[in-house]
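Fold and geometry: a report
What follows is each chain in one-letter form.
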Amino acid sequence: MTASPANIVEIAGVTKRFPGVLALDRISVGFRAGEVHAVIGENGAGKSTLMNILAGDLRPDGGRLLVDGKEVKLASPLDSRAQGITVVYQELALCPTMSVADNIMMSDMAARSVVSLLPRDMMRREARAALTRLGMGGLDPDTKVGRLSVAEMQLVEIAGAVRQNARVLVLDEPNSALSKRESERLFEVVKQLRAEGVTIIYVSHHLREVLDIADRVTVMRDGRTIVTMDNEGLSEDQLIRAMVGRDLGAALQWSLQVEPRPEGEDSVLTVENLEAAGLEDVSFSVRAGEILGIGGLPDSGKDGLGDALFGLSARRGKVTIDGKELRGADPLAAIRLGMSFVPADRRGAGGLLRMSVADNVVSASLPRFSLAGFVRRGAVRREARAQVARLDARISHLGQKLGTLSGGNQQKIILGRSLVTNPRVLVLHEPTRGIDVGAKAEIYSILRGIAGEGMAIVMISSEIPELIMNAERVLVLRDGRLSGELTGQSINETAILARAMTS
Amino acid sequence: MADTVRSGARAAAAGRFELSRLLRVREAGVFIALVVICLFLTFATDAFLTSVNLLNIGRQVSLLGIMAVGMTFVLISGEVDLSVGSTYAFSGLATGMLIIAGWGLLPALGVGLFAGVVIGVVNGILSTYGRLPSLIATLGMLSIVRGAALILTNGQPVTVNLRNGAQPSVLDTFNFMGQGYLFGIIPMQLVFFAVIAVLAWLVLSYSNFGFRVYAVGGSAKAARVSGISVNTVKIWAFVLMGLLAAFAGILSLAFLPSGQAGRTGLGLELDVIAATIVGGASLSGGEGTILGTILGVLIIGVMRNGLVLMGVSPFVQELMIGLVIIIAVGIDKWTTRRTA
Ligand SMILES: Nc1ncnc2c1ncn2[C@@H]1O[C@H](COP(=O)(O)OP(=O)(O)O)[C@@H](O)[C@H]1O
Ligand SMILES: [Mg+2]
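Reading the values: rules and limits
- Residues numbered from 1 in each chain as written.
- Chains lettered and ligands numbered in written order.
- Predicted model: local features only at pLDDT ≥ 70, side-chain atom pairs only at ≥ 80, totals over all residues.
- Heavy atoms only, no water.
- Buried < 20%, exposed > 50% of the residue type's maximum accessible area, 1.4 Å probe, protein only.
- Helix = DSSP H or I, 4+ residues; strand = E, 2+ residues; numbered from the N terminus.
- Pairing = 2+ DSSP bridges.
- Domains from an automatic or database assignment.
- Contact = heavy atoms within 4.5 Å.
- Buried area = accessible area lost by both parts, 1.4 Å probe.
- Salt bridge = Lys/Arg side-chain N within 4 Å of Asp/Glu carboxyl O.
- Polar contact = N/O pair within 3.5 Å; in protein donor to acceptor, adjacent residues only side chain to side chain.
- Patch = residues over 30% accessible without salt bridge, like charges linked within 9 Å, V, L, I, M, F, W, Y side chains within 5 Å.
- Areas by Shrake-Rupley, 256 points an atom, 1.4 Å probe, with all protein chains shown as cover.
- Lys, Arg positive; Asp, Glu negative; His and termini not counted.
- Charge placed at Lys NZ, Arg CZ, Asp CG, Glu CD.
- Axes fitted to C-alpha atoms, helices over the stretch in contact; angles between N-to-C directions.
- Near = heavy atom within 4 Å.
- Nonpolar A, V, L, I, M, F, W, Y, C, P; charged D, E, K, R; others polar.
- pLDDT = per-residue confidence, 0-100.
- Parallel < 35°, antiparallel > 145°, perpendicular 65-115°, else oblique.
- Left-handed = near helix turned anticlockwise from the far one by under 90°.

Residues and elements named next belong to chain A. Taken across its six residues, strand 13 (residues 291–296) has six buried, putting it largely inside the fold. Relative to strand 20 (residues 456–460), strand 13 is paired through four bridges, and the arrangement is parallel. The residue of strand 20 that forms the bridge with I294 is I460. The sheet contact formed by strand 13 and strand 21 (residues 473–478) spans five bridges and is parallel. Bridged to G293 within strand 21 is V474.

Right, let's talk about the domain arrangement of chain A for a bit. All names here are of chain A. Partitioning chain A into domains gives domain 1 (7–243), domain 2 (249–338 + 423–501) and domain 3 (352–422). The gap between the C-alpha centroids of domain 1 and domain 2 is 34 Å. Counting residues at the interface gives 11 residues for domain 1 and 12 residues for domain 2. Taken over both partners, the interface formed by domain 1 and domain 2 buries close to 1,100 Å², and the fraction arising from carbon and sulfur atoms is 62%. Taken as a group, E42, H205 and I240 account for 47% of the area that domain 1 buries against domain 2, more than any other trio of residues on that side. Where domain 1 meets domain 2, there are zero salt bridges. At the boundary of domain 1 and domain 2, one finds one residue pair in polar contact (both at pLDDT 80 or more). At three residues, the largest contribution of residues to the side of domain 1 that touches domain 2 is made by helix 9 (residues 236–243).

This paragraph deals with a positive patch on the surface. Side chains of R376, R381, R382 and R385 of chain A sit close together on the surface and give a patch of like positive charge. In this structure, R385 of chain A sits in helix 15 (residues 377–391).

Another point: the side chain of D330 of chain A. Residues and elements named next belong to chain A. By secondary structure assignment, the location of D330 is in the loop between strand 15 (324–325) and helix 12 (331–336). We classify D330 as buried; its relative accessible area is 17%. The contacts of D330, once residues within four sequence positions are left out, are F310 and G311.

Attention shifts here to the sheet that holds strand 13 of chain A. In a beta sheet, neighbouring strands pair by backbone hydrogen bonds and run either parallel or antiparallel. All names here are of chain A. Pairing is mixed in the open sheet, where six strands are placed in the order 16-19-20-13-21-22. Across the chains shown, the open sheet's two edge strands, defined by having one partner strand only, are strand 16 (339–342) and strand 22 (481–487). Taking each pair of neighbouring strands and ignoring which way they run, the sheet shows an average axis angle of 20°. Across the sheet, helix 17 (residues 437–452) touches strand 13, strand 19 (425–429) and strand 20, and the angle it forms with strand 20 is around 150°. On top of the sheet, helix 19 (residues 493–501) reaches strand 13, strand 21 and strand 22; it is set at about 25° to strand 21, its chief contact.

This brings us to the site of ligand 1. Residues and elements named next belong to chain A. Lining the immediate environment of ligand 1, one finds F18, V21, A23, E42, N43, G44, A45, G46, K47, S48 and T49. For ligand 1, an oxygen atom lies 3.5 Å from a polar atom in the side chain of N43. Between an oxygen atom of ligand 1 and a side-chain N or O atom of S48, the distance comes to 2.8 Å. Relative to its free-state accessible area of 560 Å², ligand 1 is covered by the protein chains to the extent of 63%. Of all elements in the fold, only strand 2 (21–32) and helix 1 (47–55) reach the threshold of two or more residues within the shell around ligand 1. With three residues, the top contributor of residues to the shell around ligand 1 is helix 1. Looking at the shell around ligand 1 residue by residue, the class counts come to four nonpolar, five polar and two charged.

Okay, a nonpolar patch on the surface next. On the surface, F315, V316, L319, M320, L323, I326, I327, I331 and W334 of chain B cluster together into a nonpolar patch covering about 960 Å² of accessible area. Take F315 of chain B: it is sitting in helix 14 (residues 314–335).

What follows deals with the sheet that holds strand 2 of chain A. All names here are of chain A. Read across the sheet, four strands follow the order 2-1-4-5 without closing on themselves; strand pairing throughout is antiparallel. Looking along the sheet, the strands with just one partner apiece sit at the ends: strand 2 and strand 5 (70–72). The sheet shows a mean angle of 25° between the axes of neighbouring strands, direction not considered.

Contact with chain B, which involves 33 residues of that partner, is made by 29 residues of chain A. Each partner contributes to the roughly 2,700 Å² buried at the junction of chain B and chain A, and carbon and sulfur atoms together form 59% of this total. Of all residues in chain B, the largest losses of buried area upon contact with chain A belong to N208, F211 and V225 of chain B, amounting jointly to 24% of the total for that side. The tally of links from chain B across to chain A stands at zero salt bridges.

The subject of this paragraph is the confidence of the model for chain A. All names here are of chain A. Of all residues in chain A, 95% have pLDDT values of 70 or greater, and the mean over the chain is 89. Throughout residues 1–5 the model reports pLDDT below 50, and contacts reaching past four residues in sequence, or to other chains, amount to nine contacts. Considering only residues more than four positions removed or in separate chains, one finds that residues 253–257, a stretch of pLDDT under 50, has five contacts.

All names here are of chain B. Closest axis-to-axis distance for the helix 8 (residues 188–206)/helix 9 (residues 208–218) pair is 5 Å, and the angle between their directions is 70°. Taken together, the axes of helix 8 and helix 9 lie roughly perpendicular to each other. Residues V203, L204 and Y206 of helix 8 pack against N208, F209, G210, F211, V213 and Y214 of helix 9. Of the residues that constitute the contact of helix 8 with helix 9, the class distribution is seven nonpolar, two polar and no charged.

This part takes up the environment of G233 of chain A. For G233 of chain A, the location among the structural elements is in the loop between strand 10 (224–230) and helix 9. The sequence separation of G233 of chain A and S107 of chain A amounts to 126 residues, and the corresponding C-alpha distance is 41 Å.

Now for the packing of helix 3 (residues 51–76) of chain B against helix 8 of chain B. Helix-helix packing is described using two parameters, namely the angle between the two axes and the distance between the axes. Residues and elements named next belong to chain B. Packing of helix 3 against helix 8 leaves a shortest axis separation of 8 Å and a crossing angle of 25°. When the interaxial angle is binned, helix 3 and helix 8 end up roughly parallel. By crossing handedness, the relation of helix 3 to helix 8 is classed as left-handed. Counting all contacts with helix 3, which are made through L55, G58, R59, V61, S62, L63, G65, I66, V69, T72, F73 and I76, the residues of helix 8 involved are Q189, L190, F192, F193, I196, A197, A200, V203 and L204. Across the contact of helix 3 with helix 8, the residue classes tally to 15 nonpolar, five polar and one charged.

Take a look at the structure:
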């Protein structure tokens, strides 16, 4: 493959493998000097992996990277910056305890002699100039970065990059954390930078915005680039059509025929006018034996739903289980009324990684396994053994530490912990994140099994195939509100994406 | 409805912001506390506000202060050094033994200071390239260096005087460093502290190296991405700390003028860290100033002095110092925004 001279950065056949996942599969795409190039694709398509390779944070397993037509190796973020490539991360690389000017000028200072005086006036002046260039002249260079909003921090990081004569600026889902006003500000900056000849690679889920500011759009799916299109007469529908068609792969074989629920059954969980961080006026209900899927973009509010329902974060509105109202911000009450929650962060909030499989299984129902303050070891082992068998978890022995299991088996044990509490409602957040395909399928069939026994399941997921395969009903969130409800035959990728992405 | 939730949160955040803005200059809070304590002692005792007593306080806090200056660099860089009490003992005793052995002043001083530098380098390398948390690395070094001091002195006291073999001219200068007065009134220890503090303040606030220390402690990632060598900066902070702890230990022996490896500087690291933290440095790195550290050292010194003048029992003194640490740091935590 020969590099087109107009391409400032060219990705030629790049492959990146993670354990069990082929994140990038011989990808090729060229970014032209001075364009705004949007990269879109479903969650897990490989967008961030590609951007991390450009940032020098990940090394490709195969393929070539060309900058100005010459092959380069990007072994560290410093290498990337030396090539004029700057990636603005979502977890920003800023120093919160230092001032705006200090942060913008940090690279300049690093390039100077360590025994020189600090040119404070010059730093302030130059920082202000860099900010003014981005239309941010009002921001005081002496403010501590830790006191800024996320949007302002992003702009400070961009200002620093621009000062370093970044020729390529990568923004990976920059507006997930931004308000509408802040996003608009960011677009102004993007347009301004393009006018100055900076190439901008823009990863976003917001199709409207992509159509507004991009010169070209590349669509990714399953670690491949599907198509790169000129943004002329493109519509949101066209973009969605290019994004769908995910390879559901082996998981599909496991997909059972979902039987429609008889009408008129009583709801176990009802939620009325729920308001919480990032959520507004959300109402729905779940019946016994039903798997309700909840989908949406990263900033749709769906990631806060589990915490709000379970009472880990503040909420308003009415939540009832079997007609009994559940007070907010009280997880213990939620457990008592029969709700169990499996959070997305398995390694952090989910499991006790340093404790044994047996201890994890009973950790949510200790009173039942205690006598006069002592844990009844025999009962614990019996229950743990029963759960391990039921969930078909592959472990060497019950005393094995949870942290040493594979992701799929960890998740099975965590599910087991929920099941031991005999919940009426099971709320799952990203139930198969980071789990290999085989284990995913097993977890799906376990979930359908427990639903069949009459439990109500709420499955909050970014993975559209997962929702399609398991849920009888799918609710889609957008901008904190319900934007659609799909049932039975109408649940498909296009329908979900359209409700999640188009405005 | 959600709007009211949100605007409420914003108003609360704004309220806290105002308050923290008042206390933003952390030194201001510590300074006010110091002034209040001094005013109280001025009225409560006759002896407090006299030049003799104030200079005496200055002398008493000097060694603590010299070490706290070093600790400021280490804490800002995001690390901590628990080995300073041992370094203080080792370097002082080593220099003392060399003087007794008839060495000249400069070679003896040089060896003591060099020992501090070596300890600093080891601390630094273990905590960076060695990937040990500095809490663990320097905890190990605390014992190692203390043990080395015990082995070196065979556990015996070291007393620097003519009878033990010191050269008279060397002894005069050595004693002057620890016991003498500049212009017959300002204690030499205080002079050293003042000079070191001013130099450190200039370095930390006005030099490129100082900038890097803040950057490394504030966000190692940001520093690295900008091209700052995080490990190098941290190692230098440890070296500076080792050097200053060694110097303080040497001055201590010159003042007393005897020491014993089993006792000298025992537990001193906690006083040093306490003074630095009262002065506004944070254990999580990125924050702290020399001015704040000086104020922190003075608060602890003035408290000790005042409680003695008021005839408060030493047991109660200890307790009061502990309260000051908790209140001083607590005020900061309770009034500033949680998210940095
Ligand atoms: N550090 C990692 N370890 C293992 N798998 C990863 C890692 N990062 C990403 N993946 C996997 O690679 C695939 C692509 O992820 P990513 O690039 O983050 O997608 P996108 O940004 O398009 O949502 C996903 O299947 C994801 O689970
Ligand atoms: Mg991503």
